[in-house]
Amino acid sequence: MKLLIPSLVIFLISTNLFAYGADTSHQVPGKFFKSTIISENVFLLQGEGGNIALLRGNEGLVLIDAGYAKMSKALEYELAKHGGVEEVVYLINTHWHADHTEGNAFIGDHAPIIAHKNVRSRLLTRQEVKFFNMVSEPYASHAIPSITFDKAIGLSINGETLEVIHFANGHTDGDSVVFLKSANIVHMGDHFFSGFYPFIDVDTGGNVRNMANNIKSILARIDDETIVIPGHGPLSSKADLEEFHQMLVETTAEVEAMLIKGMTAEEIQAEGLSLEWEDWSAGYLSTDAWIKIVIRCLNTPMP
Ligand SMILES: [Zn+2]
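Every value quoted in this text rests on a predicted model; they were computed, and no experiment measured them.

Q: An account of the overall build of the protein is requested, with residue identities and associated values reported.
A: Of regular secondary structure, the protein possesses nine helices and 14 strands. Taken across its 303 residues, the protein has 51% of its residues classed as buried. Contacts in the protein between residues far apart in sequence, at least 24 positions, make up 63% of those at least 6 positions apart.

Quick look at the structure:
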């Protein structure tokens, strides 16, 4: 917990917004987004908060996630390069967390918001993530998804086919992964933190086992050419997602083996994980924090 606690205290003092806790060095700092064109009509916007994808074309702009409220001015600036926020025709939310949805308040004035039905339910009510001592108050009505689905929804626009598919109980209980079929791009939402241990929100229905199973299904849908956008971290490939999957499966197995031996959480943290996973603790959650999350998942009935 050495790494986690001091940073978390600073976070609690410095902001009341939802940040992914321990260390945000993996995120691009500053009030502007770094915009990267990743396909003919698709841009990646990286800033503080979750990664945002922007699809442009004759029929308007489609956003996948909307970032923090404090980044909405920066988002407005980026959208101005593509005709302005008035050109946005749809916003898709990958899940309910504030670092992906606070910008709904800005975009929701201009375009309908699409998300899994559980995202709508959660944003209508007060949410609590105890791991970060974080509370999210109900959103204003215009910031709540109005187009919802259970399993999947398709969107054909700008010559692109978007498949928004729900993957249950991985990072939360309302995660969607968005496949852009023509461009061969996938936005993973927070089913993928590229290069570091992920946060899994057990309080709102996430579990590491489902996350790993879901990623296995997603890997079967993509190929070596697919551009993989993680919820957090750099633009990635199928191979990067495979490594992440392997890390999830194997670190979970290590923690489970120690639990079966009867070790306590403190003993498991003192023992740590195999050295090969050490790099995953750089930039976000410490190994102790990751062990704590995995234990919580293993001790929680599979949703
Ligand atoms: Zn999240």
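On we go.
Q: Mind laying out the environment of S176, listing which residues take part and the relevant values?
A: Following the sequence through the fold, S176 ends up in strand β12 (residues 176-180). A sequence separation of 60 residues divides S176 from H116, and the C-alpha atoms of the two residues are 6.8 Å apart.

Q: I'd like to hear about the packing of helix α7 (residues 238-260) against helix α9 (residues 287-298), residue by residue, with values.
A: Put simply, α7 and α9 touch, their axes get as near as 10 Å, and they point 70 degrees apart. It follows from the interaxial angle that α7 and α9 lie roughly perpendicular. Where α7 crosses over α9, the two elements pack in a sense that is right-handed. Contact residues: T251, T252, V255, E256 and L259 in α7; W290, I291, V294, I295 and L298 in α9. Across the contact of α7 with α9, the residue classes tally to seven nonpolar, two polar and one charged.

Q: If you had to explain α9 to someone new, which residues and values would you point to?
A: The terminal C-alpha atoms of α9 lie 16 Å apart, and with twelve residues this matches the ideal 16 Å at 1.5 Å per residue to within 8%. Residues of α9 that are buried include every one of T287, D288, A289, W290, I291, I293, V294, I295 and C297, and no others.

Q: I'd love a proper account of the packing of helix α6 (residues 208-219) against α7, names of residues and values included.
A: Orientation of α6 relative to α7, taken along the N-to-C sense of each, is 150 degrees, at an axis distance of 10 Å. Of the possible angle classes, the one that applies to α6 and α7 is roughly antiparallel. Seen along the crossing, α6 lies across α7 with a hand that is left-handed. Where α6 approaches α7, its residues V208, M211, A212, I215, K216 and L219 are matched on the opposing element by K238, L241, E242, H245, L248, V249 and T252. Partitioning the contact of α6 with α7 into residue classes produces eight nonpolar, two polar and three charged.

Q: Break down the nonpolar core for me, with residues and values.
A: In this structure, L63 and V178 are the most contacted members of the largest nonpolar core, which totals 77 residues. When residues of this core are assigned to their parent elements, the largest contribution, seven residues, is made by α9. Every residue in contact with L63, bar those within four places of it in the chain, is listed here: I52, L54, V88, L91 and I107.

Q: Tell me what's going on with unusual backbone geometry, and back it up with residues and numbers.
A: Although it is not a glycine, N133 adopts a positive phi angle of roughly 50 degrees. Structurally, N133 is set in the loop between β7 (127-129) and β8 (134-136). Its identity as a non-glycine residue notwithstanding, N184 has a phi of 55 degrees, on the positive side. Its location among the elements puts N184 in the loop between β12 and β13 (185-187). Classification of N184 by C-beta neighbours within 10 Å gives partly exposed; the count is 13.

Q: Report on the sheet that holds strand β11 (residues 160-166), specifying residues and quantitative values.
A: Ordered by their spatial adjacency, five strands build an open sheet running β10-β11-β12-β13-β14, and the pairing between neighbours is mixed. With partners counted over all chains shown, the strands left at the sheet margins are β10 (152-157) and β14 (227-229), one partner each. Taken over all neighbouring pairs, the strand axes of this sheet differ in orientation by 15 degrees on average, direction set aside. The sheet contact formed by β10 and β11 spans six bridges and is antiparallel. Looking at β11, one finds that G154 is bridged to E163.

Q: Give a description of the sheet that holds strand β2 (residues 42-46) that names residues and reports values.
A: The strands that make up a sheet pair up through hydrogen bonds in the backbone, lying either parallel or antiparallel. The strand order across the open sheet built from seven strands is β1-β2-β3-β4-β5-β6-β9, with neighbouring strands paired in mixed fashion. For this open sheet the edge positions go to β1 (34-39) and β9 (147-149), each flanked by a neighbour on one side alone. Neighbour-to-neighbour, the strand axes of this sheet turn through a mean angle of 20 degrees, independent of strand direction. Relative to strand β5 (residues 88-92), strand β4 (residues 61-64) runs parallel, the two sharing four bridges. Of the residues in β5, the one forming a bridge with L63 is L91.

Q: How would you summarise the pairing of β4 if you had to cite specific residues and measurements?
A: By the alternation rule, side chains of β4 split into L61 and L63 and V62 and I64, which are all buried. When strand β3 (residues 52-55) meets β4, the two strands line up antiparallel, connected through three bridges. For A53, the partnering residue across the bridge sits in β4 and is I64. Connecting β3 to the next strand, β4, in antiparallel fashion are five residues, including G60 with a positive phi near 120 degrees. The parallel pair β4 and β5 is bridged by helix α2 (residues 72-80), and the resulting crossover is right-handed.

Cut-offs and rules
Residues numbered from 1 in each chain as written. Predicted model: local features only at pLDDT ≥ 70, side-chain atom pairs only at ≥ 80, totals over all residues. Helix = DSSP H or I, 4+ residues; strand = E, 2+ residues; numbered from the N terminus. Buried ≥ 20, exposed ≤ 12 C-beta atoms within 10 Å, placed from the backbone. Contact = placed C-beta atoms within 7 Å. Axes fitted to C-alpha atoms, helices over the stretch in contact; angles between N-to-C directions. Parallel < 35°, antiparallel > 145°, perpendicular 65-115°, else oblique. Left-handed = near helix turned anticlockwise from the far one by under 90°. Nonpolar A, V, L, I, M, F, W, Y, C, P; charged D, E, K, R; others polar. Expected span 1.5 Å × (residues − 1). Core = buried A, V, L, I, M, F, W, Y, C linked by C-beta atoms within 7 Å. Pairing = 2+ DSSP bridges. Right-handed = clockwise from strand over helix to strand, strands pointing away.

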